[in-house]
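One letter stands for each residue in the lines below.
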Amino acid sequence: ALAAGSMLLSLGFGTPGLAPVILSLALVIVFILLREYARHLSFAWLRTEAALQIDVCVAIVQLGGLGFLAFHGGLAAREAFFVIGAACAFAILFWFRGARERFVRPRRSRVVQDFRRNWTLGRWPLAGGLAFMASIQIYPWLLAVMHGSAATGVFAACMGMAFLANPFIIGMGNFLGPRIMHAVAQRESRKVRRLINGGFLVICSAMSLYCLVLFLWGGEILQMVYGAKYAGHGLVVALLALSQTAEAATLPLNSGLFAMGRPDVGLKSYLLALAVTLTLGIWLTSILGVQGVAISLLAANLTASAYRLLVYRRMRYFSVL
């Protein structure tokens, strides 16, 4: 698809000069995706150190290559993609040396069977992820249409501040999700509950402190990072952080429900969030602008999390195991 897009751009469609950049991305995207594949497999095998080794390897090669190009005046988008691809390829080769014994020789007779088995479960998080992205990505477009590009820029800056906690949230998900899956597979009901409840408490505690900091000084930090023209949006930053907390708090429940045979819960929760976006979100965005977006996201994530919590509490957990 990227190569086809590059061909269209080279024929005069779209932004001039973008064709070679897209073509370079088409050449290296496989290595970038393989890096993510290797990281997820490492987490699934409970080999966190292997995922860390991949990230460290990529960081060293990538930062070193980008720094070299910048020092010699050759840093541009096309060259940057090649450096990123080379870093990921090097990390994948390094990782595969220690993981190759876990792979088996592919068999043609099992391709369709394996695909169907993976699709049976994989379709749920795929559809849920698309619904989740739609519920968030629609807001920049709404702001641009209703309030202009300046409002979209303010929203992006506030999101950047609020989402500084993403490494912690993603890290908790990478740590808890596979362990919950293993505990369910081993029918260790107490361990599953301990992981879900403990993860819920840890995320809520850490994110509560984070929200408190942004409620007190979010506006000042935003202004310090992005400049004086972003003054007066501290409440938006705080509301976005609270919205992220509402979403992150029930991620352990989402993993647990998936492992317990309810992969549909994640999709349904994100569809509820999308419904809030398409109703309350559009209305609040039209009358309140960026602040309306923050309130809408909070309402959507609270709705999705409340649904997950309700399903989790209603399930007869021990009968599932």
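Thresholds, definitions, all that
Residues numbered from 1 in each chain as written. Predicted model: local features only at pLDDT ≥ 70, side-chain atom pairs only at ≥ 80, totals over all residues. Heavy atoms only, no water. Helix = DSSP H or I, 4+ residues; strand = E, 2+ residues; numbered from the N terminus. Rg over C-alpha atoms; globule rule 2.2 N^0.38 Å. Core = buried A, V, L, I, M, F, W, Y, C linked by side-chain atoms within 4.5 Å. Buried < 20%, exposed > 50% of the residue type's maximum accessible area, 1.4 Å probe, protein only. Contact = heavy atoms within 4.5 Å. Patch = residues over 30% accessible without salt bridge, like charges linked within 9 Å, V, L, I, M, F, W, Y side chains within 5 Å. Areas by Shrake-Rupley, 256 points an atom, 1.4 Å probe, with all protein chains shown as cover. Salt bridge = Lys/Arg side-chain N within 4 Å of Asp/Glu carboxyl O. pLDDT = per-residue confidence, 0-100. Phe/Tyr/Trp six-rings, centres within 6.5 Å; stacked < 30°, edge-to-face > 60°. Lys NZ or Arg CZ within 6 Å of the ring centre and 35° of its normal. Expected span 1.5 Å × (residues − 1). Bend = angle between axes of the 7 residues up to and from the residue. Polar contact = N/O pair within 3.5 Å; in protein donor to acceptor, adjacent residues only side chain to side chain. Axes fitted to C-alpha atoms, helices over the stretch in contact; angles between N-to-C directions. Parallel < 35°, antiparallel > 145°, perpendicular 65-115°, else oblique. Nonpolar A, V, L, I, M, F, W, Y, C, P; charged D, E, K, R; others polar.

Below, the discussion takes up the overall build of the protein chain. Secondary structure assignment for the protein chain yields 13 helices and zero strands. Listed N to C, the secondary structure of the protein chain is α-α-α-α-α-α-α-α-α-α-α-α-α in terms of helices and strands. Relative to a compact globule of 321 residues, whose C-alpha radius of gyration would be 20 Å, the protein chain shows 22 Å and is just as compact. Projected onto its principal axes, the C-alpha coordinates of the protein chain cover approximately 55 × 45 × 35 Å.

What follows covers the nonpolar core. Among the nonpolar cores identified, the biggest contains 48 residues, and Phe 155, Ile 180, Leu 240 and Leu 297 are the most heavily contacted of them. Contributions of two or more residues to this core are made by α5 (111–147), α6 (149–162), α7 (166–185), α8 (189–226), α9 (234–249), α10 (251–259) and α12 (290–314). Ranked by the residues each element gives to this core, the list is headed by α8, at nine residues. Other than its neighbours up to four places away in sequence, Leu 297 contacts Ser 135, Ile 136, Tyr 139, Phe 155, Met 159, Leu 240 and Ser 243. If you look at the next biggest cluster of nonpolar residues, it comprises eleven residues, including Leu 41, Ile 54, Val 58 and Ala 87.

Further remarks concern a nonpolar patch on the surface. A contiguous nonpolar patch, built from Leu 209, Leu 212, Val 213, Phe 215, Leu 216, Trp 217, Leu 235 and Leu 242 and spanning about 760 Å² of accessible area, is present on the exposed surface. When contributions to the nonpolar patch are tallied by element, the ones reaching two or more residues are α8 and α9. Broken down by element, the residue count for the nonpolar patch peaks at six residues, all from α8. Mapped onto the elements of the fold, Trp 217 is located in helix α8.

A few words now on the confidence of the model for the protein chain. Across the protein chain, pLDDT averages 90, with 98% of residues at or above 70. For residues 317–321, every residue scores under 50 in pLDDT, and the model assigns this stretch 13 contacts once sequence neighbours within four places are set aside.

The backbone of Leu 46 sits at a positive phi, close to 60°, despite the residue not being glycine. With respect to the secondary-structure elements, Leu 46 resides in the loop between α2 (19–44) and α3 (48–71). Relative accessible area serves as the criterion here: at 33%, Leu 46 is assigned to the partly exposed category.

With that out of the way, let us pick up the packing of aromatic side chains. Aromatic ring pairs are defined here through the distance separating the ring centres and the angle between the ring planes. Scanning all chains against the criterion turns up seven aromatic pairs. Between the aromatic rings of Trp 45 and Trp 95, the centroid separation amounts to 6.1 Å while the plane-to-plane angle is 5°, which identifies the pairing as stacked. Of this pair, Trp 45 sits in the loop between α2 and α3 while Trp 95 sits in helix α4 (residues 77–99); the two residues are 50 residues apart in sequence, bridging distant segments of the chain. For the pair Phe 115 and Trp 119, a centre-to-centre distance of 6.3 Å together with 5° between the ring planes defines the contact as stacked. Of this pair, Phe 115 and Trp 119 both sit in helix α5, four residues apart, which is roughly one turn of the helix. Assessed through its relative accessible area of 54%, Phe 115 is described here as exposed. Residue classification places Trp 119 among the partly exposed residues on the basis of a relative accessible area of 40%. Among the aromatic residues, ring-to-ring pairing joins Trp 45, Trp 95, Phe 96 and Phe 103 into one connected group. We note Arg 102 situated over the ring of Trp 45; from NZ or CZ to the ring centre the distance is 4.6 Å.

Another aspect to go through is α8. Here α8 spans only 48 Å end to end across 38 residues, well under the 56 Å set by a 1.5 Å rise per residue. Along α8, the largest kink reaches about 75° and is centred on Trp 217. The positive-phi residue at the C-terminal boundary of α8 is Gly 227, with phi of around 110°.

Among the secondary structure elements, Thr 285 is positioned in helix α11 (residues 264–288). Polar contacts involving the side chain of Thr 285 include one to the main-chain carbonyl oxygen of Gly 281, which spans 2.7 Å. With residues near it in sequence (within four places) discarded, Thr 285 still touches Tyr 139, Leu 142, Leu 143, Met 146, His 147, Gly 292 and Val 293.

Now for the packing of α2 against α7. Two measures define how a pair of helices packs: the angle their axes make with one another and the distance between the axes. Their axes nearest at 8 Å, the elements α2 and α7 cross at an angle of 50°. By the angle class used here, α2 and α7 are oblique. Contact with α2, carried on its side by Arg 39, Phe 43 and Ala 44, involves Asn 174, Pro 178 and His 182 of α7 and no other residues of that element. Class assignment for the residues of the contact of α2 with α7 results in three nonpolar, two polar and one charged.

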